[in-house]
Amino acid sequence: MKNRRDFLRNTLGLGAGLAASPHLFAASQESGAGMDMKHMDHVAERGNSRMVSVETPDVAQLPWRMDGSVKEFHLIAEPVKQEIFPGRTVDLWGYNGSAPGPTIQVNQGDRVRIIVDNHLPEATSMHWHGFEVPSEMDGAPGSSQDPIPPGGRFVYEFTLHQEGTYFYHSHMAMQEMMGMIGTFIMHPKEPYKPRADKDFAIIMQEYAILPNIKVPNSMNMEFNWLTFNGKSGPANTPLIVRHGERVRIRLINLGMDHHPIHLHGHQFVVTGTEGGRQPQSTWGPGNTVLVGVAQSRDVEFVASNPGDWMLHCHLPHHMMNQMSSMVGPMSRRNGMPAGLDMERGMGMLRQGSATSEENGPSLGRGLGVGSTAEQAMSNSPLKTGDPMPHQDMPDMQMGKPDVDKDANSVPGFPQDAFMEGPMMAMDQMVDKPENFGLRPGWSGFMAGMMTFVRVLPPDKYDQIMELRKKQEGNKPMKMDMPGMEHKHE
């Protein structure tokens, strides 16, 4: 018990007061008060309580307006084009121009109205995942409401008495796999104890998108693009914290896979689920949390260890982008086969068993239906002594891989030699203030569901915040929500 108490005291600062964070959430109980969508870090108080605004890197916050005592939001279900990775723009379905959709933040006790317009070519619905609301507001098509037809509108309105990390999503199964989900934060009436200085949310999604195709196969069971907040590493934005700050990270998963999320360099405790805050008696130290399908998990820790720490799903295939078979001599054979005969092209075996040496390599390699035969890869890195240019992304660094001269003789080679490392680096292509100061070539080892938690000393933290402020100052504020009022304090 003593060790557990020491851990909670040292990791979460229980019993130790910290200065109030400058990044605070607007409690806005007064009629006519609006959320400051340009500066989501302004100070607001509810009595003596202060709350931290949740940051969702790479995902916008949803504006709202007050209609009397009701907080009103507007969501538009629509097709979107989204760059999930440099040079990889895909056709998804989402809300208000992005997938995942914009983040909604409210306070416990708020009366909320959410107008949902359907700009999709088919019917949709909107489910409020985990909300305790009247049945007719649940959004389950057929049982609680008729689906929203193309061009239609449904107005949801309810009072929220819960607190915690929730989310909204289409309740049409394949639409979920096209990207239709968003974060919904219910801030408590009184701040959680211990209070966080930084609060982040990350949504995990996965897509099956064949090369040269822009539309996900929503019925597929294998996935080759894995995203945090709509971006695959290294395109996603790191979480920036000051050394010594107390940090909360809210992890949300809606897909076909469970995700074991691991944080380097720190121990954390799980303080919340999709059911809200969990009793302190359930907290215990860890560094990996399994976030199941349709679940959320809140983890908290004190950023006591300076450095650039990876935060990632620990399933190996979820730390890659656009996976393909690169193992064995076929990846280095000159020429390309002319194709398969009809029977083998349809997955019909002509000899041997499905797991025999001549057939086994083709199983499970494709993202479509039927069997896919292993084929030689063109312009293999092992056939060139110089860094290769990349046709679609000429700014990629494409350095020469570091391999042994006898590598070809080792069974199983290559594994990661051409999936990670110098040849995959693209530091300049993903340049942004939050990446300032990372080691050269860092991007060559970040892919899929991977990002950084950067624990920085005050001077470096302030430098990045200043760079971010300058970048934001050069961007026009988007006012594209029909009928929305944007009020600022």
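Described below are features of the structure shown in this document. (Residues numbered from 1 in each chain as written. Predicted model: local features only at pLDDT ≥ 70, side-chain atom pairs only at ≥ 80, totals over all residues. Heavy atoms only, no water.)

## As for the packing of aromatic side chains
Taken as a whole and assessed by the stated rule, the structure comprises 12 aromatic pairs. Ring centres 5.4 Å apart and planes at 55° place the aromatic pair Phe85 and Trp225 in the tilted group. Of the two residues, Phe85 sits in strand 2 (residues 70-85) while Trp225 sits in strand 11 (residues 225-228), which places them 140 residues apart along the sequence. Classification of Phe85 as buried rests on a relative accessible area of 8%. Relative accessible area serves as the criterion here: at 2%, Trp225 is assigned to the buried category. Ring geometry for Phe131 and Phe184: centres 4.7 Å apart, planes at 80°, overall edge-to-face. (Phe/Tyr/Trp six-rings, centres within 6.5 Å; stacked < 30°, edge-to-face > 60°. Helix = DSSP H or I, 4+ residues; strand = E, 2+ residues; numbered from the N terminus. Buried < 20%, exposed > 50% of the residue type's maximum accessible area, 1.4 Å probe, protein only.)

## Comments concerning the pairing of strand 8 (residues 164-169)
Burial analysis of strand 8 places six of its six residues in the buried class, which makes it a mostly covered element. By the bridge criterion, three bridges tie strand 6 (residues 127-129) to strand 8 in an arrangement that is antiparallel. Bridge pairing links His129 to Phe167 in strand 8. (Pairing = 2+ DSSP bridges.)

## A closer look at helix 4 (residues 458-473)
For helix 4, with 16 residues, the first-to-last C-alpha span of 22 Å sits near the 22 Å given by 1.5 Å per residue. Restricting attention to buried positions, one finds in helix 4 the residues Tyr461, Ile464, Met465 and Arg468. The buried residues of helix 4 occupy an angular sector of 100° when the element is viewed end-on, so they sit on one face. Away from the buried face of helix 4 by more than 90 degrees, exposed residues Asp459, Lys470 and Gly473 are located. In this fold, the buried residues of helix 4 make contact with strand 10 (198-207), strand 12 (239-242) and strand 20 (450-456). (Expected span 1.5 Å × (residues − 1). Arc of directions from axis to C-beta. Contact = heavy atoms within 4.5 Å.)

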